[in-house]
Amino acid sequence: MPDTASVPAPAATTAKPIPFIDLQAQRKRIEAGVNAAIQKVLAHGGFVMGPEVAELERRLTDHCGAKYALSCSSGTDALLIPLMAKGVGPGDAVFVPSFTFTATAEVAVLTGATPVFVDVEPDTYNMDVKSLARAISTARKLGLHPRVVIPVDLFGQPVDMDDINTLCAKEGVWVLADTAQSYGARYKNKRVGNLAEVSATSFYPSKPLGCYGDGGAVFTDDAELHQRMMQIRVHGQGKDRNENVCIGLTGRLDTIQAAVLLEKLSIFDSECDAREKIAARYSMLLKDVVETPAVRPDRSSVWAQYTIKSKKRDKIVATLSAEKIPTAMFYPKPIHVQPAYRAFPVVEGGLPVTEELSRLVVSLPMHAYLTPEDQDRIVAAVAKAVA
Ligand SMILES: *Cc1c(COP(=O)(O)O)cnc(C)c1O
């Protein structure tokens with residue numbers, strides 16, 4: 001594989017560095033509200049499960065349309081809690097893409113189940129339903145019990161949830177949507193969080209809706225499941241505080257983070273609109289330069305990343321870096337080739353699309369406050385690199 005070191009570095013620039021995600025620009029917009037909200041928590045002192053937590057959960061259900069929202073300590077715990085609540089464990093197969101953040105597969109291993117890696121589509125980078133069907137039969141041949149699929153809305157675009165839900169209903173497998181990157185997006189006029197039996201999202205600072213630390217949420221319409229997940233969030237605590245009815249976690253969202261999220265949620269829809277406009281402008285300017293991302297007509301993306309594909313990726317990274325423009329690679333090394341995951345099964349026929357994407361993709365600076373001037377500089381640098 002070529003590496004950036006073999007590409008001669010262009011002359012250094014005196015231009016201002018462009019941030020990959022500009023959280024400071026957002027902070028300026030909401031600074032007064034956030035400071036007041038944090039002060040309020042400091043004053044009332046309910047740092048754990050304070051009133052802002054319940055208020056956030058109510059606002060999230062209003063926002064996405066799910067009946068229940070359970071805030072929690074991270075996106076990873078938002079995936080783990082429903083798996084624990086459903087009793088997923090040894091002998092169960094959990095179907096996950098390999099072209100995703102590690103947490104998607106990690107939670108399967110933490111329960112003692114076996115992750116089975118599924119390939120993705122070459123243009124949306126999301127789980128390929130045909131590959132999922134094949135993986136379910138692969139798992140059965142291996143003597144595993146197909147139990148749950150965790151499709152990932154990669155880079156902010158929802159997966160083809162109708163196709164996945166139909167296949168899973170037929171196979172008796174339940175769906176846990178990993179919406180860590182897509183909260184705020186729509187699919188067939190429904191919001192993410194309300195598309196699968198259970199959905200998990202992350203409020204990690206760099207996600208489209210992020211707090212100022214770690215946080216996450218689980219969404220479902222199932223009252224009984226919600227009840228069990230509430231118990232797991234607090235060490236398996238039952239109705240009586242002194243009774244432990246199951247094994248749980250320290251899985252709560254901090255009150256201060258809930259307070260921050262309430263402020264951010266109030267500007268979130270307008271930020272999603274801005275992200276869509278910026279992504280559309282990138283695609284217009286780059287469509288003849290590199291392969292730009294595809295969004296299906298029946299859905300929208302919140303553009304957690306704006307990811308292009310190019311055989312000249314290394315040259316793009318080096319050229320942009322010399323012009324003080326950061327880039328990021330999601331994901332140069334898919335999970336199934338990582339040392340910690342190599343022993344787990346992959347779908348029969350392997351993951352050719354995942355492996356190709358891992359060699360071609362690179363993500364450009366993307367956030368709601370990216371100016372046309374900075375975007376023009378980024379586009380010009382990409383064009384220069386591939387010329
Ligand atoms: C960020 C992310 C997670 C994990 O979220 P944390 O809040 O960092 O634990 C899980 N899945 C995907 C696809 C992610 O991007």
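Model, not experiment: these values are computed from the prediction.

### With respect to the pattern of salt bridges
Argument step 1. Following the criterion strictly, the structure yields 18 salt bridges and no others.
Argument step 2. Put simply, E197 and K86 hold a salt bridge, and the shortest N to O gap is 2.5 Å. Taken together, the residues span a long stretch of sequence, with E197 in the loop between β7 (190–191) and β8 (198–202) and K86 in the loop between α3 (75–85) and β2 (92–97) at a distance of 111 residues.
Argument step 3. For E197, a relative accessible area of 35% translates into the label partly exposed.
Argument step 4. Among the salt bridges present, the one from D376 reaches R281, with a minimum N-O distance of 2.9 Å. Of the two residues, D376 sits in helix α11 (residues 372–386) while R281 sits in helix α8 (residues 255–286), which places them 95 residues apart along the sequence.

### Some words on the nonpolar core
Argument step 1. Counting residues in each nonpolar core, the largest one holds 76 residues, and the members touching the most others are L60, F95, L132 and I164.
Argument step 2. Two domains each provide a minimum of three residues to this core, namely domain 1 (28–262) and domain 2 (268–386).
Argument step 3. Dropping the residues within four chain positions of it, I164 is found in contact with M127, V129, L132, V149, P151, V159 and V175.
Argument step 4. Among the nonpolar cores identified, the runner-up in size contains 23 residues, and Y306, I308, I378 and V386 belong to it.

### Brief notes about the site of the ligand
Argument step 1. Surveying the vicinity of the ligand reveals 14 residues, the closest of which are G75, T76, D178, S202 and K207.
Argument step 2. Contact distances for the ligand include 2.8 Å between an oxygen atom and a side-chain N or O atom of Q181.
Argument step 3. Separating an oxygen atom of the ligand from a side-chain N or O atom of K207 is a distance of 2.6 Å.
Argument step 4. Against a free-state accessible area of 380 Å², the protein chains account for coverage of 92% of the ligand.
Argument step 5. When residues of the shell around the ligand are traced back to their parent elements, those giving at least two are α3 and α4 (103–110).
Argument step 6. Within the shell around the ligand, the residues separate by chemical class into 4 nonpolar, 8 polar and 2 charged.

### Some details on a nonpolar patch on the surface
Argument step 1. Taken together, the side chains of L42, F47, V48 and M49 define a hydrophobic patch exposed on the protein surface, amounting to about 370 Å² of accessible area.
Argument step 2. Structurally, L42 is set in helix α1 (residues 23–44).
Argument step 3. For L42, a relative accessible area of 44% translates into the label partly exposed.

### Section: the packing of helix α9 (residues 313–322) against α11
Argument step 1. Axis separation between α9 and α11 bottoms out at 8 Å; the angle between their running directions is 135°. In terms of axis orientation, α9 runs oblique to α11. The two elements α9 and α11 cross, and the hand of that crossing is right-handed. Across the interface between the two elements, K315, I316, T319 and L320 of α9 pack against I378, A381, V382, K384, A385 and V386 of α11.
Argument step 2. A per-class count over the contact of α9 with α11 returns 7 nonpolar, 1 polar and 2 charged.

### Topic: the sheet that holds strand β4 (residues 145–149)
Argument step 1. The mixed open sheet is built from 7 strands, whose spatial order is β1-β9-β8-β5-β4-β2-β3. Each end of this open sheet is capped by a strand with a single partner; those strands are β1 (68–72) and β3 (114–118). In this sheet, adjacent strand axes meet at a mean angle of 30° when their direction is disregarded.
Argument step 2. Of the strand pairs in this sheet, β2 and β3 are connected by 5 bridges, and their pairing is parallel. Bridge pairing in β3 links P97 to V118.
Argument step 3. Along the sheet, helix α7 (residues 223–233) makes contact with β1, β8 and β9 (216–220), crossing β1 at roughly 15°.

### Side note on the packing of aromatic side chains
Argument step 1. Across all of its chains, the model carries 10 aromatic pairs by this definition.
Argument step 2. Ring centres of Y183 and F219 lie 5.6 Å apart, and the angle between their planes is 10°; this geometry places the pair in the stacked category. Of this pair, Y183 sits in the loop between β5 (174–178) and β6 (186–187) while F219 sits in strand β9, and the two are 36 residues apart along the sequence. Accessibility classification places Y183 together with F219 in one group, the buried group.
Argument step 3. Ring-pair connections join several aromatic residues into one group, and the members of that group are F99, Y125, F155, F330 and Y331.
Argument step 4. Here the basic side chain of K86 rests over the ring of W174, its NZ or CZ set 4.5 Å away from the ring centre.
Argument step 5. Positioned above the aromatic ring of F101, the side-chain terminus of K207 is 5.8 Å from the ring centre.

### Side note on the side chain of R233
Argument step 1. On the secondary structure map, R233 appears in helix α7.
Argument step 2. With relative accessibility at 4%, the residue R233 sits in the buried group.
Argument step 3. The contact partners of R233, leaving out residues within four places of it in the chain, are M49, E57, L70, S71, L249, T250, G251 and R252.

### Observations regarding the confidence of the model for the protein chain
Argument step 1. Put simply, the protein chain has an average pLDDT of 96, and 97% of its residues get 70 or more.
Argument step 2. When the criterion is pLDDT under 50, residues 1–5 qualifies, and its contacts beyond four places in sequence or with other chains add up to 6 contacts.

### Considering α4
Argument step 1. Burial in α4 covers these residues: A103, T104, A105, V107 and A108.
Argument step 2. Where α4 is buried, its residues contact α3, β2, β3 and β5.
Argument step 3. G112 lies just past α4 and shows a positive phi near 95°.

Thresholds, definitions, all that
- Residues numbered from 1 in each chain as written.
- Predicted model: local features only at pLDDT ≥ 70, side-chain atom pairs only at ≥ 80, totals over all residues.
- Heavy atoms only, no water.
- Salt bridge = Lys/Arg side-chain N within 4 Å of Asp/Glu carboxyl O.
- Helix = DSSP H or I, 4+ residues; strand = E, 2+ residues; numbered from the N terminus.
- Buried < 20%, exposed > 50% of the residue type's maximum accessible area, 1.4 Å probe, protein only.
- Core = buried A, V, L, I, M, F, W, Y, C linked by side-chain atoms within 4.5 Å.
- Domains from an automatic or database assignment.
- Contact = heavy atoms within 4.5 Å.
- Near = heavy atom within 4 Å.
- Polar contact = N/O pair within 3.5 Å; in protein donor to acceptor, adjacent residues only side chain to side chain.
- Areas by Shrake-Rupley, 256 points an atom, 1.4 Å probe, with all protein chains shown as cover.
- Nonpolar A, V, L, I, M, F, W, Y, C, P; charged D, E, K, R; others polar.
- Patch = residues over 30% accessible without salt bridge, like charges linked within 9 Å, V, L, I, M, F, W, Y side chains within 5 Å.
- Axes fitted to C-alpha atoms, helices over the stretch in contact; angles between N-to-C directions.
- Parallel < 35°, antiparallel > 145°, perpendicular 65-115°, else oblique.
- Left-handed = near helix turned anticlockwise from the far one by under 90°.
- Pairing = 2+ DSSP bridges.
- Phe/Tyr/Trp six-rings, centres within 6.5 Å; stacked < 30°, edge-to-face > 60°.
- Lys NZ or Arg CZ within 6 Å of the ring centre and 35° of its normal.
- pLDDT = per-residue confidence, 0-100.

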